[in-house]
Amino acid sequence: MPLAARIQNAALLAKVMTAEQAAELIPVGANVGMSGFTGAGYPKAVPQALAARLAALHASGQTDARIGLWTGASTAPELDGALAKAQGIEMRLPYQSDPTCRKLINAGQMLYTDMHLSHVAQAAWFGFLGKLDVAVVEVVGILPDGRLIPSTSVGNNKTWLDQADKVILEVNLHQDPALEGMHDIYYGTQLPPHRLPIPLVKASDRIGQTHLQCDPAKVIAVAVTDHADRNAAFDPPSEVSSQIAGHIIDFLQHEVKSGRLPKELLPLQSGVGNVANAVLAGLNQGPFENLTAYTEVLQDGMLDMLRSGKLAFASATALSLSPDAAAEFKGNIDFYRERIVLRSQEISNHPELVRRLGVIAMNAMIEADIYGNVNSTHIMGSSIMNGIGGSGDFARNAYLSIFMTPSVAKDGQISCIVPMVSHHDHTEHDVQVIVSEQGLADLRGLAPTQRAQLIVERCAHPSFRPQLLDYMARARHSAAGLHTPHMLDEALSWHSRYLKTGRM
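Cut-offs applied
- Residues numbered from 1 in each chain as written.
- Predicted model: local features only at pLDDT ≥ 70, side-chain atom pairs only at ≥ 80, totals over all residues.
- Heavy atoms only, no water.
- Pairing = 2+ DSSP bridges.
- Helix = DSSP H or I, 4+ residues; strand = E, 2+ residues; numbered from the N terminus.
- Expected span 1.5 Å × (residues − 1).
- Buried < 20%, exposed > 50% of the residue type's maximum accessible area, 1.4 Å probe, protein only.
- Arc of directions from axis to C-beta.
- Salt bridge = Lys/Arg side-chain N within 4 Å of Asp/Glu carboxyl O.
- Phe/Tyr/Trp six-rings, centres within 6.5 Å; stacked < 30°, edge-to-face > 60°.
- Core = buried A, V, L, I, M, F, W, Y, C linked by side-chain atoms within 4.5 Å.
- Contact = heavy atoms within 4.5 Å.
- Axes fitted to C-alpha atoms, helices over the stretch in contact; angles between N-to-C directions.
- Parallel < 35°, antiparallel > 145°, perpendicular 65-115°, else oblique.
- Left-handed = near helix turned anticlockwise from the far one by under 90°.
- Polar contact = N/O pair within 3.5 Å; in protein donor to acceptor, adjacent residues only side chain to side chain.

Enquirer: Now, about the sheet that holds strand β18 (residues 374-375): what can you tell me, with residues and values included?
Expert: Pairing in this open sheet of 3 strands is mixed, and the strands run β18-β17-β24 from one edge to the other. Looking at which strands have only one partner, the edges of the open sheet turn out to be β18 and β24 (417-418). Strand direction decides the pairing type here: strand β17 (residues 367-369) and β24, joined by 2 bridges, are parallel. Each bridged residue has a counterpart across the sheet, and for Ala-368 the counterpart in β24 is Ile-417.

Below you can see the structure in the form of structure tokens.
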């Protein structure tokens, strides 16, 4: 396809330049908003060119040659990884999963602001994050009037294009032009006190436009690339993840039988990762029909469910597919365009919409404590793993808030059910169901001591269950208060013991 067919605006076609030339236009010290959400739709060439430029400046003695990096969520080695290895990021937000970023953050060499994903766009509009100097956004193509065909993620792209003083577009020829029409970009948000209700009442509603808007006068460069998204393969469902899926399906069936859920359930939200994907695989084999999804990321499992007909429609902000699933998606894109909509993350994760739709939220965690508090971000209290992502957006506002984990980690050396979590992301007030391969604990309407008994009996691994029961019994006899009994000198002793001995 000729380049002019992808870049149909003559003025922007005249601004085509190399990634290296485009990167030169990004000032040192700038806040840069880049596209990308969970390995989809991120710029591939300009960040690598910028990383090379910053690395050269570091080598010449300019050790403060860094930028502030804002995205939708995690990206890929070509963006986060390249800039981190170049020591080129001063501040990162709102979510990351890159190992080099993680290492620098935990070493205190990169600042990191972990945010609820639904909060990012409004925080930028409020001015809470400072000035956004440059946006670097991947698109599939540019229409004659300057409108942009979005890529495989929307994320915060609308906000970056609106807020940035200058814009660099990266047209990715690898992305299929047939993506056009799959997106729904809502331009009706306002700042308080002028906000109006968002007119979305079911997952399949379209309330916006199919294209992104951008003032052509702000575009300072257009770079061209031809590279696939980071398409990582998922592990096949393990015995543990299949058992977790089975417990959740049994629970949902019971909720239908009890009249608390309709037979087609309510819109599903699923976090990212192998366990979440295994749960979707279980649902695809389960008894439910005509399901819908209102989620942030569409993974292989939901693609399978759309293909089988179990899932009628899916709303998300990004695709995150394995290589095989990406090929299936591209080969049948006309089929999927009728059944998938990609929205801005301020809409896909909007708390009010999550509550209105009655979403069933299913998210992974690192650990939970006996009272139902959940840690989804930190290892041993002080080391960040990835970030909270959208789990908080959904958990607090969902019709059902489910957190899932294997009962142990590190080959059984760590219990994922502990006396007290080493970091709080989701308090007991936002957690309704905890499930491991051992079983499922329905915590709704229970007092703390009742929750504790159920979590330990249903979810803890047998090798750690006696210790947890012993802790609970002793706490009930020695704690200062008996509403949520804790022995503060022991509450985090399991974590301390692991740091000293390698075993809880």
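Enquirer: Report on helix α9 (residues 239-257), specifying residues and quantitative values.
Expert: Look at α9: 27 Å from first C-alpha to last across 19 residues, which is about the 27 Å you get at 1.5 Å a residue. Those residues of α9 not exposed but buried are Ser-241, Ile-244, Ala-245, Ile-248, Ile-249, Phe-251, Leu-252 and Glu-255. Viewed end-on, α9 has its buried residues packed into an arc of 160 degrees, placing them on one side of the element. Looking at α9, the residues exposed on the side facing more than 90 degrees away from the buried face are Glu-239 and Lys-257.

Enquirer: Quick one: what's the story with the pattern of salt bridges, residue by residue and with numbers?
Expert: What the rule picks out here adds up to 24 salt bridges. For Arg-66, the salt bridge is made with Glu-90, and the minimal N-O distance between the two is 3.4 Å. Taken together, the positions of Arg-66 in the loop between α4 (46-59) and β2 (67-70) and Glu-90 in strand β3 (residues 89-93) put the pair 24 residues apart, joining distant regions of the chain. By relative accessible area, which is 38% here, Glu-90 ends up partly exposed. In this structure, Glu-289 engages Lys-310 in a salt bridge whose closest nitrogen and oxygen atoms are separated by 3.0 Å. You can see Glu-289 sitting in the loop between α10 (274-284) and β11 (291-294) and its partner Lys-310 sitting in the loop between α11 (300-308) and β13 (311-316), a full 21 residues away along the chain. Given a relative accessible area of 11%, Lys-310 falls into the buried group. Taken together, the salt bridges that share partners define one network made up of Glu-255, Arg-260, Asp-442 and Arg-444.

Enquirer: Give a description of unusual backbone geometry that names residues and reports values.
Expert: With an omega dihedral of 0 degrees, the bond running from Leu-93 to Pro-94 counts as a cis peptide bond. As for its placement among the helices and strands, Pro-94 is situated in the loop between β3 and α6 (99-106). A cis amide bond links Pro-192 to the next residue, Pro-193, at an omega of 10 degrees. Within the fold, Pro-193 resides in the loop between β8 (183-184) and β9 (219-225).

Enquirer: Provide a residue-level description of the pairing of strand β16 (residues 360-364), including the pertinent values.
Expert: For β16, a buried count of 4 out of 5 residues is recorded, marking the element as mostly surrounded by other parts of the structure. Sheet topology note: the strand β10 (residues 268-270)/β16 ladder contains 3 bridges and is parallel. Residue pairing for β16: Ser-270 is matched across the bridge by Met-362.

Enquirer: Please give an account of the packing of aromatic side chains that cites residues and values.
Expert: A ring pair, where both rings are aromatic, is described by two values, the distance of the centres and the angle of the planes. One pass over the structure, following the stated rule, counts 5 aromatic pairs. For the ring pair Trp-70 and Trp-160, a centre distance of 5.7 Å and an interplane angle of 55 degrees mean the geometry is tilted. One end of the pair, Trp-70, is in strand β2; the other, Trp-160, is in helix α8 (residues 157-163), with 90 residues separating them in the sequence. An identical accessibility class is assigned to Trp-70 and Trp-160; each is buried. Geometrically, the ring pair formed by Phe-335 and Tyr-336 is edge-to-face, given 5.0 Å between the ring centres and 85 degrees between the ring planes. When its relative accessible area of 28% is taken as the criterion, Phe-335 is described as partly exposed.

Enquirer: Report on the nonpolar core, specifying residues and quantitative values.
Expert: Leu-169, Leu-252, Leu-283, Leu-298, Phe-329 and Ile-360 are the most contacted members of the largest nonpolar core, which totals 75 residues. With 6 residues, the top contributor of residues to this core is α9. Apart from the residues lying within four places of it in its own chain, the contact partners of Leu-169 are Leu-12, Val-137, Val-139, Ile-142, Leu-148, Leu-161, Val-219, Ala-221, Val-222 and Ala-223.

Enquirer: Account for the packing of helix α17 (residues 448-459) against helix α18 (residues 465-478), with residues named and values stated.
Expert: One can describe the packing of α17 onto α18 by two numbers: an axis separation of 10 Å at closest approach and a directional angle of 165 degrees. Considered as vectors, α17 and α18 are oriented roughly antiparallel to each other. As α17 packs across α18, the resulting crossing turns out to be left-handed. Contacts between α17 and α18 involve Thr-449, Ala-452, Gln-453, Val-456 and Glu-457 from the former and Arg-465, Leu-468, Leu-469, Met-472 and Arg-476 from the latter.

Enquirer: So what's going on with the side chain of His-183? Which residues, and what values?
Expert: Here His-183 is to be found in strand β8. Residue class for His-183 comes out buried when judged on its relative accessible area of 0%. Side-chain polar atoms of His-183 contact the backbone oxygen of Ser-151, separated by 2.7 Å. If we skip the residues at most four places from it in the chain, His-183 touches Pro-150, Ser-151, Val-154, Arg-206, Gln-209, Thr-210, Val-341 and Leu-342.

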